[in-house]
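Each chain, written out:
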Amino acid sequence: MADVEMTGLETAGRDMADPEDRAGGLAALPGNLMMWILIFSELAVFGAAFLGFAVARVLDPATFAAGQAHLNGTAGALNTMVLVTSGYLAARGVAAGRRGAVPQARRAMLAAAAVGSVFLAVKAVEYSATLGAGLTIDSDTFFTLYFLLTGFHALHVVLGIVILLLVGRSGPDTLVENLETGAAFWHMVDLVWVILYPLVYLIR
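Residues numbered from 1 in each chain as written. Predicted model: local features only at pLDDT ≥ 70, side-chain atom pairs only at ≥ 80, totals over all residues. Heavy atoms only, no water.

## Observations concerning the overall build of the protein
For step 1, the next point in the chain: Each helix and strand in the protein was counted, giving eight helices and zero strands.
For step 2, the next point in the chain: Residues counted as buried form 37% of the 204 residues belonging to the protein.
For step 3, the next point in the chain: Restricting the contact set of the protein to residue pairs at least 6 apart, pairs at least 24 apart contribute 75%.
For step 4, the next point in the chain: Here the protein displays about 10,800 Å² of accessible surface, and carbon together with sulfur accounts for 69% of that area. (Helix = DSSP H or I, 4+ residues; strand = E, 2+ residues; numbered from the N terminus. Buried < 20%, exposed > 50% of the residue type's maximum accessible area, 1.4 Å probe, protein only. Contact = heavy atoms within 4.5 Å. Areas by Shrake-Rupley, 256 points an atom, 1.4 Å probe, with all protein chains shown as cover.)

## So, the UniProt feature "transmembrane region" (unreviewed entry) in the protein
For step 1, the next point in the chain: Cross-referencing UniProt, the feature "transmembrane region" (unreviewed entry) maps to residues 33-56, 108-125, 145-167 and 179-203 in the present numbering.
For step 2, the next point in the chain: Its end C-alpha atoms 35 Å apart, residues 33-56 is made of 100% helix and 0% strand.
For step 3, the next point in the chain: A distance of 33 Å separates the end C-alpha atoms of residues 145-167, which is 100% helix and 0% strand. (UniProt positions renumbered as here; feature names shortened; annotations may be inferred.)

## With respect to the packing of aromatic side chains
For any pair of aromatic rings, the description rests on two quantities: the centre-to-centre distance and the angle between the ring planes.
For step 1, the next point in the chain: Within the structure shown, the criterion is met by 18 aromatic pairs.
For step 2, the next point in the chain: Ring plane angle 40 degrees and centroid distance 5.9 Å describe the contact between Trp-36 and Phe-40, whose orientation is recorded as tilted. Taken together, the positions of Trp-36 and Phe-40, both in helix H3 (residues 33-59) and four residues apart, correspond to about one turn of that helix.
For step 3, the next point in the chain: Looking at Phe-40, the relative accessible area reads 41%, which means it is partly exposed.
For step 4, the next point in the chain: An aromatic cluster is present here, built from Phe-53, Phe-64, Phe-119, Tyr-127, Phe-142, Phe-143, Tyr-146, Phe-147, Trp-193, Tyr-197 and Tyr-201 joined pairwise through their rings.
For step 5, the next point in the chain: One residue, Lys-123, lies across the ring of Tyr-127, its end atom 5.4 Å from the ring centre. (Phe/Tyr/Trp six-rings, centres within 6.5 Å; stacked < 30°, edge-to-face > 60°. Lys NZ or Arg CZ within 6 Å of the ring centre and 35° of its normal.)

## Section: the environment of Leu-83
For step 1, the next point in the chain: Within the secondary structure layout, Leu-83 lies in helix H5 (residues 73-99).
For step 2, the next point in the chain: Remark: the alpha-carbon pair of Leu-83 and His-187, spanning 104 residues in sequence, is separated by 8.8 Å.
For step 3, the next point in the chain: Not counting residues up to four positions away in its chain, the partners in contact with Leu-83 are Phe-119, His-153, Trp-186, Val-189, Asp-190 and Trp-193.

## Here we look at the nonpolar core
For step 1, the next point in the chain: Counting residues in each nonpolar core, the largest one holds 46 residues, and the members touching the most others are Phe-142, Tyr-146, Trp-186 and Val-200.
For step 2, the next point in the chain: Elements that contribute at least two residues to this core include exactly H3, H5, helix H6 (102-132), helix H7 (141-167) and helix H8 (175-202).
For step 3, the next point in the chain: The biggest single contributor to this core is H8, with 15 residues.
For step 4, the next point in the chain: Beyond its immediate sequence surroundings of up to four residues, Phe-142 is in contact with Phe-53, Thr-63, Phe-64, Gly-67, Gln-68, Leu-71 and Val-200. (Core = buried A, V, L, I, M, F, W, Y, C linked by side-chain atoms within 4.5 Å.)

## Regarding the packing of H7 against H8
For step 1, the next point in the chain: Here H7 crosses H8 at 160 degrees, and the two axes come no closer than 9 Å. For the element pair H7 / H8, the angle class is roughly antiparallel. Of the two possible hands of crossing, H7 and H8 adopt the one that is left-handed.
For step 2, the next point in the chain: Here the contact of H7 with H8 is built from residues that sort into 20 nonpolar, six polar and no charged. (Axes fitted to C-alpha atoms, helices over the stretch in contact; angles between N-to-C directions. Parallel < 35°, antiparallel > 145°, perpendicular 65-115°, else oblique. Left-handed = near helix turned anticlockwise from the far one by under 90°. Nonpolar A, V, L, I, M, F, W, Y, C, P; charged D, E, K, R; others polar.)

## Looking at the environment of Gly-116
For step 1, the next point in the chain: Among the structural elements, Gly-116 can be located in helix H6.
For step 2, the next point in the chain: Given a relative accessible area of 0%, Gly-116 falls into the buried group.
For step 3, the next point in the chain: Separated by 31 residues in the primary sequence, Gly-116 and Thr-85 place their C-alpha atoms 8.6 Å from one another.
For step 4, the next point in the chain: If we ignore the near neighbours within four places in the chain, the residues touching Gly-116 are Ser-86, Val-157, Ile-161 and Trp-186.

## A look at H5
For step 1, the next point in the chain: Look at H5: 39 Å from first C-alpha to last across 27 residues, which is about the 39 Å you get at 1.5 Å a residue.
For step 2, the next point in the chain: By the N-cap criterion, in which a side-chain oxygen at the helix start approaches the backbone nitrogen of a residue two or three places on, H5 is capped by Asn-72, the distance to Thr-74 being 3.1 Å.
For step 3, the next point in the chain: Backbone geometry just after H5 places Gly-100 at a positive phi near 90 degrees. (Expected span 1.5 Å × (residues − 1). Polar contact = N/O pair within 3.5 Å; in protein donor to acceptor, adjacent residues only side chain to side chain.)

Laid out in structure tokens, this is it:
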């Protein structure tokens, strides 16, 4: 009887184990779990928007083809390289933080934020040229979706830059987790653009 009671207690103890153990894969993700919940939520929103864009293009291919012809594909490609480079720098920052190289980690995050700001500069020039040609968010369905998608993404770039700057200033005790959290958000921003660029600029 005692053995049965002990077995029951052990089973209950395992059931009451650390919630992170029961969280499975999520608990193994680097950085703060709440950031990952935000990331998955944002990816769902962007995914729905991309699906809407694709459906709208199927329904009106001529308008979308004409709109794509006005976009600056070179600027889009440049911005792809900019974000990939910035993401690499953020990853280097995380690696440096894990090694305990705090000054190097801080410099890498600052560099990632600086390179990320180049994306905004290029996008501003692109927007200026598009608007200068008389193409606005009200021009047609393509440009409505173009400005909404790229503008929403640009807001995430701004937020990501702020996050990179903040986590780079973290204290030693929380530096690694904060670096991982900031880099995770930034890589999400990269991923969204890597999908957005061909979808909006290239695929006919």
